[in-house]
Amino acid sequence: MKPPYSDMSQPSESWQITELSRNLKPSAIRELLNLATRPGMISFAGGLPAPELFPVEELKAAADMVFSTQGRSALQYSVTRGLLPLREAVAERESIGGIKSTHENISITSGAQQGIELMGRLFVNAGDYILTEYPTYVGALQVFNALGARYASVPMDNDGMIVSEAEALIKQFKPKMIYVVSTFQNPTGITMLMSRRNELVALAKKYNLPIIDDSPYDELRFSGEPLPSLKQLGEDSVIGLRTFSKILSPGIRVGWINASDDILKIAERIKQGSDLHTSSLNQLIVLEYLKTGKLFGHIQKICVDYLNKRNAMITRMKECFPAEVSWTEPEGGLFLWLTLPSHLSATTLLEKAIAENVLFVPGKPFYPDGQCDNTFRLNFSNASLSQIHEGIDRLGKAISAFC
Ligand SMILES: Cc1ncc(COP(=O)(O)O)c(C=O)c1O
């Protein structure tokens, strides 16, 4: 017998959901991740760390310690701002990294993604502009689109945002905040030049605009010289978003915001309505792992592995991609950014690549206006060296038939 409601239209069609929700697009990358599990598929699509490097045994030991010494508090509700000992440990790491901080500057979040959401909800009303790099992180666009934001997009070159073009956009659009991924950017892998960092901080101060510097990749530098972060340069005029996702585990969902106490007090109220607090259990596991002092060595191991993989990918691309294709050569992070001749579409190329059992992410979703379809992103951290070799061969075949 049919259930009585079977002939009704879907609630999403008949109920009056908000226009913003109705217009939300699914994440291009999450959709592709479904295809990535197809047997035989080699995926360069997701921004996934290398699973073989996850410190499984160490995290298991940390979890065992948490359960045996403080199991009850690990399983209990806790404070919204994050557990004090973890905030202290994070502040100490930040200070060692050059950002003078105390626990008062740190709020633990459920990943950097939540940091983006809290900052968006703190600064942006529907219709407001955000000054961003062009292209920018698609997960931030998802958050900002859901708030009804608009974009003042600043073009990039190989040295990051072309900051000299930002002031005119600030005057024209009066953005409420600046959102950047200044180091090893997702999607391009590009790092903002030192002089531009100074320029951007000066501009933010001149127009009294907060800079949200989303930096999940800063510590994954495998060549070249480290640059001071925007947070280091701009201090209280910059809000830093950081995470353990790329240096420890994304599944553990622990990140943090580094900002002044007054901003964090308001962010805390927004977070309360969002998830009450970040998992107490996961915070304690991260804290226990930090106490072992192994994180620094672990990050070094990741960097060696990713450098090898980046080099293997680029070497193979040089051998089998047509000369018309160009790409970035980042000194860290997880991604290469490729550009096809302007008349070619990476979205169409993706169909051909899927037929060859290889995946990447087309560039369009990273542009707020959905332009620049001749670009695409390759992730080099997740696949093995042999998959990189084979996957780039397959992609080379798809591109050569297409160019
Ligand atoms: C620029 C950027 N910000 C934020 C995130 C989300 O990080 P988390 O896993 O800490 O939420 C990512 C993940 O890929 C990212 O690339």
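As the structure is a prediction and not an experimental result, all values here were calculated from the model.

Caption draft 1: Summary view of the sheet that holds strand β3 (residues 129–134). If you trace the eight strands from one edge of the open sheet to the other, you get β2-β9-β8-β7-β6-β3-β4-β5, paired in mixed fashion. Of all strands in the sheet, those with a lone pairing partner are β2 (106–109) and β5 (160–161), marking the two edges. Here four bridges tie strand β8 (residues 238–243) to strand β9 (residues 255–258), and the two strands are oriented antiparallel to one another. Within β9, the position partnered with arginine 242 by the bridge is tryptophan 256. Strands β3 and β4 (150–157) of the sheet are contacted by helix α8 (residues 166–173), whose axis makes an angle of about 175° with β4.

Caption draft 2: Focus on the side chain of serine 229. Of note, serine 229 is situated in the loop between β7 (211–214) and α10 (230–234). With relative accessibility at 6%, the residue serine 229 sits in the buried group.

Caption draft 3: Expanded view of the environment of asparagine 158. Here asparagine 158 is to be found in the loop between β4 and β5. Exposure remark for asparagine 158: the relative accessible area of 60% places this residue in the exposed category. Put simply, asparagine 158 and threonine 328 are 170 residues apart on the chain and 7.6 Å apart in space, counted from C-alpha to C-alpha. The contacts of asparagine 158, once residues within four sequence positions are left out, are Ile190, Thr191 and Thr328.

Caption draft 4: Region of interest: the packing of aromatic side chains. Per the stated rule, a full pass over the model turns up 10 aromatic pairs. Measuring from ring centre to ring centre gives 5.9 Å for tyrosine 217 and phenylalanine 335, while their planes differ by 80°; the resulting arrangement is edge-to-face. With tyrosine 217 in the loop between β7 and α10 and phenylalanine 335 in strand β11 (residues 335–339), the pair connects residues that are 118 residues apart, well separated along the chain. Like tyrosine 217, the residue phenylalanine 335 is buried in the burial classification. Centre to centre, the rings of phenylalanine 321 and tryptophan 327 are 6.2 Å apart; their planes meet at 80°, and the pair counts as edge-to-face. The two residues phenylalanine 321 and tryptophan 327 agree in class, both being buried. Ring pairing ties together the aromatic residues Tyr134, Trp337, Phe366 and Tyr367, which thus form one cluster.

Caption draft 5: View of unusual backbone geometry. The omega angle of the peptide bond from tyrosine 134 to proline 135 is 10°, so this bond is cis rather than trans. Of note, the bond from asparagine 186 into proline 187 is cis; its omega dihedral lies within 30 degrees of zero at 25°. Even without glycine at this site, asparagine 208 takes up a positive phi of about 55°. The residue glutamate 235 is not glycine, and still its phi comes out positive at about 45°.

Caption draft 6: Layout of the layout of surface pockets. In this structure, the largest pocket occupies an estimated 820 Å³ of space. Along its surface, the largest pocket is lined by 27 residues, and Arg93, Ile96, Gly97, Glu219 and Arg242 are the ones closest to its centre. Elements represented by at least two residues in the lining of the largest pocket include exactly α5 (84–96), α12 (280–291) and α13 (295–320). Split by residue class, the lining of the largest pocket holds 11 nonpolar, six polar and 10 charged.

Caption draft 7: Spatial organisation of the nonpolar core. Among the nonpolar cores identified, the biggest contains 78 residues, and Phe244, Phe321, Phe376 and Leu378 are the most heavily contacted of them. When residues in this core are grouped by element, the largest group, nine residues, is from α13. If we ignore the near neighbours within four places in the chain, the residues touching leucine 378 are Phe44, Met313, Met317, Leu334, Phe335, Leu336, Leu338, Phe360, Ile392 and Leu395. In terms of nonpolar packing, the next biggest core, distinct from the first, is built from 25 residues, Ile130, Tyr151, Met177 and Leu264 among them.

Calculation criteria
Here, residues in each chain are numbered from 1, in the same order as that chain's written sequence. Per-residue local features of the predicted model are confined to residues with pLDDT of at least 70, and side-chain atom pairs are confined, for both listing and counting, to 80 or more; whole-chain, interface and lining totals are unaffected and use all residues. Calculation of side-chain values draws on the structure's entire complement of heavy atoms; hydrogens and water are dropped beforehand. Strands qualify as paired when DSSP identifies two bridges or more between them. Helix and strand labels come from DSSP, where a helix needs a run of H or I of at least four residues and a strand needs a run of E of at least two; each type is numbered from the N terminus. By definition, residues are in contact when any of their heavy atoms lie within 4.5 Å. Between the N-to-C directions of two axes lies an angle of 0 to 180 degrees, each axis being a line fitted to C-alpha atoms and, for a helix, fitted only over the stretch in contact. Partly exposed describes any residue whose relative accessible area lies between the buried limit of under 20% and the exposed limit of over 50%, with all areas from a 1.4 Å probe on protein chains only and scaled to the type maximum. Between 30 and 60 degrees the pair is tilted, below 30 it is stacked and above 60 it is edge-to-face, where a pair is any two Phe, Tyr or Trp rings, Trp via its six-membered ring, whose centres lie within 6.5 Å. Put simply, the grid is 1 Å and covers the protein atoms alone, a cavity is a trapped set of points that fit a 1.4 Å probe, a pocket is an open set with protein on both sides within 12 Å along at least five of seven lines, and lining residues have an atom within 4 Å of a point. Grid points are joined across faces, edges and corners, and a volume is the space filled by probe spheres set on the points. Residues are sorted three ways: Asp, Glu, Lys and Arg are charged, Ala, Val, Leu, Ile, Met, Phe, Trp, Tyr, Cys and Pro are nonpolar, and all the rest, Gly among them, are polar. By nonpolar core is meant a set of buried Ala, Val, Leu, Ile, Met, Phe, Trp, Tyr and Cys residues that side-chain atoms within 4.5 Å join together.

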